[in-house]
Amino acid sequence: MKVVHTVQELRDQLRGQLRVSFVPTMGNLHEGHLALMRTARQHGDPVVASIFVNRLQFGPNEDFHRYPRTLAADIEKLERDRNVYVLFAPSEEELYPEPQTYRIQPPEGLGDILEGQFRPGFFEGVTTIVLKLFSCVQPRVAVFGKKDYQQLMVVRQMCRQFQLPVEVIAQETVRADDGLALSSRNGYLGSAERAEAPRLYRALQTVRDRILAGERDLGAIERAAVAELSQHGWNVDYLTVRHQSDLQPAKSGEALPATVVVAAARLGQTRLIDNLEIPAAGVPAAGAPAAGDPIAGA
Ligand code: PAF
């Protein structure tokens, strides 16, 4: 694997390559990232990964300064895994040699809800750096994880609306054995918090199961999940059932198209996000389990 730090070196390495497959990251790599690299390898060649902790997407009170920077260990992991051909690890001066006054404004309706509401400026920072990285790497394919569900949708919308020649591939969330979605921020959790953290995913599973069992009072289902988390010391920013198509709120009392329950909650100082897709669920006959209900056949 070649490790390059400047845009010029990157371009020299990639000259003439037409099928570049790209995975942007902020480093501190874990199994979830390595799964992104494997997927990238299936969709193109060569695979380029980037590691860059992007100041622009962190709010003033967020964890930019303490975000884990572990380049040497990350390089070892990528070398061992043998899926990445070029690692692009630029300095801040390389990518932001002057103040970044041109920014991508995330779309209204998708960019200003959920994460966009609780982390103002986050999607502006993400789309600006992703566009810049796309311009440096010029990939044909880019892989993003579904754990950052809204980020994936925002990036897809940006590519579509700017007609960027990049196919965005979604990678399933990788979880620890107890269900916790892998994330670099899990490293912030103390041991008691780490033991508590899988409750977030269990809460999402309960929401999904209740919907698939035919319940349609989404407000009541969401409130119960928030209450369960709050009782165990969580501070919930949001936990809500949304349409997969546009992340707008799903409505109670109707046949549901494909939805996704998305959540962000803080355990101590650590903010975790997670989500779970829920297949379309018809209107259940009174008293009967809904079609497709996994509980029905149990
Ligand atoms: O998901 C991330 O790690 C970051 O938001 C990304 C896409 C690398 C942009 O900095």
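Residues numbered from 1 in each chain as written. Predicted model: local features only at pLDDT ≥ 70, side-chain atom pairs only at ≥ 80, totals over all residues. Heavy atoms only, no water.

Colleague: Help me get a handle on the site of the ligand, residues and values and all.
Modeller: Every residue near the ligand is listed here: Pro24, Thr25, Met26, Asn54, Gln57, Val126, Ile129, Phe144 and Gln151. Gln57 places a polar side-chain atom, nitrogen or oxygen, 2.7 Å from an oxygen atom of the ligand. Here an oxygen atom of the ligand and a side-chain polar atom of Gln151 are 2.8 Å apart. Summarising the interface, the protein chains cover 88% of the accessible area of the ligand, which totals 290 Å² for the free molecule. Those elements giving two or more residues to the shell around the ligand turn out to be strand 2 (21–25) and helix 6 (122–137). Among the residues forming the shell around the ligand, the class breakdown is five nonpolar, four polar and no charged. (Near = heavy atom within 4 Å. Polar contact = N/O pair within 3.5 Å; in protein donor to acceptor, adjacent residues only side chain to side chain. Areas by Shrake-Rupley, 256 points an atom, 1.4 Å probe, with all protein chains shown as cover. Helix = DSSP H or I, 4+ residues; strand = E, 2+ residues; numbered from the N terminus. Nonpolar A, V, L, I, M, F, W, Y, C, P; charged D, E, K, R; others polar.)

Colleague: An account of the packing of helix 9 (residues 199–212) against helix 10 (residues 218–231) is needed here, citing residue identities and associated values.
Modeller: For any two helices packed against each other, one specifies the inter-axial angle together with the distance between the axes. Relative to each other, helix 9 and helix 10 sit at 160°, their axes nearing to 10 Å. Accordingly, the angle class assigned to the pair helix 9 and helix 10 is roughly antiparallel. Helix 9 and helix 10 meet at a crossing whose hand is right-handed. On the side of helix 9, the interface is formed by Arg199, Leu200, Ala203, Val207, Arg210 and Ile211, while helix 10 contributes Leu218, Ile221, Ala224, Ala225, Glu228 and Leu229. Here the residues of the contact of helix 9 with helix 10 are counted per class, giving nine nonpolar, no polar and three charged. (Axes fitted to C-alpha atoms, helices over the stretch in contact; angles between N-to-C directions. Parallel < 35°, antiparallel > 145°, perpendicular 65-115°, else oblique. Left-handed = near helix turned anticlockwise from the far one by under 90°. Contact = heavy atoms within 4.5 Å.)

Colleague: Can you explain the layout of surface pockets? Please cite residues and give values.
Modeller: The space that makes up the second largest pocket amounts to roughly 230 Å³. Ile51, Phe52, Val53, Arg69 and Pro90 are, among the 17 residues lining the second largest pocket, the residues nearest its centre. (1 Å grid on protein atoms, 1.4 Å probe; cavity = no way out; pocket = protein on both sides within 12 Å on 5 of 7 lines; lining within 4 Å. Points joined across faces, edges and corners; volume = space filled by probe spheres on them.)

Colleague: An account of the packing of helix 1 (residues 7–14) against helix 6 is needed here, citing residue identities and associated values.
Modeller: One can describe the packing of helix 1 onto helix 6 by two numbers: an axis separation of 9 Å at closest approach and a directional angle of 45°. Classified by the angle between their axes, helix 1 and helix 6 sit oblique to one another. When helix 1 is examined against helix 6, the residues Val7, Leu10, Arg11 and Leu14 are found in contact with a partner set consisting of Ser135, Cys136 and Val137. Grouping the amino acids of the contact of helix 1 with helix 6 by side-chain chemistry returns five nonpolar, one polar and one charged.

Colleague: Just give me the short version of empty space enclosed by the protein, but keep the residues and values in it.
Modeller: Considering all chains together, one arrives at one cavity of 30 Å³ or more under this definition. Looking at the largest cavity, its volume works out to about 60 Å³. Every residue along the wall of the largest cavity is listed here: Gly179, Leu180, Ala181, Ser183, Asn186, Ala197, Pro198, Leu200, Tyr201, Leu272, Ile273 and Asp274. Going through the elements one at a time, helix 9 and strand 9 (270–278) are the ones with two or more residues in the lining of the largest cavity. Counted by class, the lining of the largest cavity contains eight nonpolar, three polar and one charged residues.

Colleague: How would you sum up the sheet that holds strand 6 (residues 167–171)? Please name residues and give values.
Modeller: Within a beta sheet, neighbouring strands are joined by backbone hydrogen bonds and run either parallel or antiparallel to one another. Read from one edge of the open sheet, six strands run 1-4-3-2-5-6, paired in parallel fashion. At either end of the open sheet lies a strand with only one pairing partner, and these are strand 1 (2–4) and strand 6. With direction set aside, neighbouring strand axes in the sheet form an average angle of 25°. Looking at chain direction, strand 2 and strand 3 (residues 47–51) are connected through five bridges and run parallel. Opposite Phe22, over in strand 3, you have Val48 as the bridge partner. Together, strand 1, strand 3 and strand 4 (86–88) form the strand contacts of helix 3 (residues 71–81), whose direction differs from that of strand 4 by roughly 160°. On the sheet, helix 6 packs against strand 2, strand 3, strand 4 and strand 5 (141–145) and is oriented at approximately 140° with respect to strand 2. (Pairing = 2+ DSSP bridges.)

Colleague: I'd love a proper account of the pairing of strand 9, names of residues and values included.
Modeller: Within strand 9, eight of the nine residues are buried, leaving the element largely enclosed by the surrounding structure. Pairing analysis gives nine bridges linking strand 8 (residues 259–267) to strand 9, with the strands arranged antiparallel. For Ala265, the partnering residue across the bridge sits in strand 9 and is Leu272. The hairpin turn running from strand 8 into strand 9, its antiparallel successor, is two residues long, and Gly268 in that turn takes a positive phi close to 60°. (Buried < 20%, exposed > 50% of the residue type's maximum accessible area, 1.4 Å probe, protein only.)

Colleague: Outline the sheet that holds strand 7 (residues 234–243), supporting the account with residue identities and numerical values.
Modeller: An order of 7-8-9 is seen for the three strands of this open sheet, with the pairing classed as antiparallel. Since the sheet does not close on itself, it has two edges, and those belong to strand 7 and strand 9, each with one partner. With strand direction ignored, the average angle separating the axes of adjacent strands in the sheet is 10°. Those strands touched by helix 9 are strand 7, strand 8 and strand 9, and its axis lies near 25° from that of strand 9.

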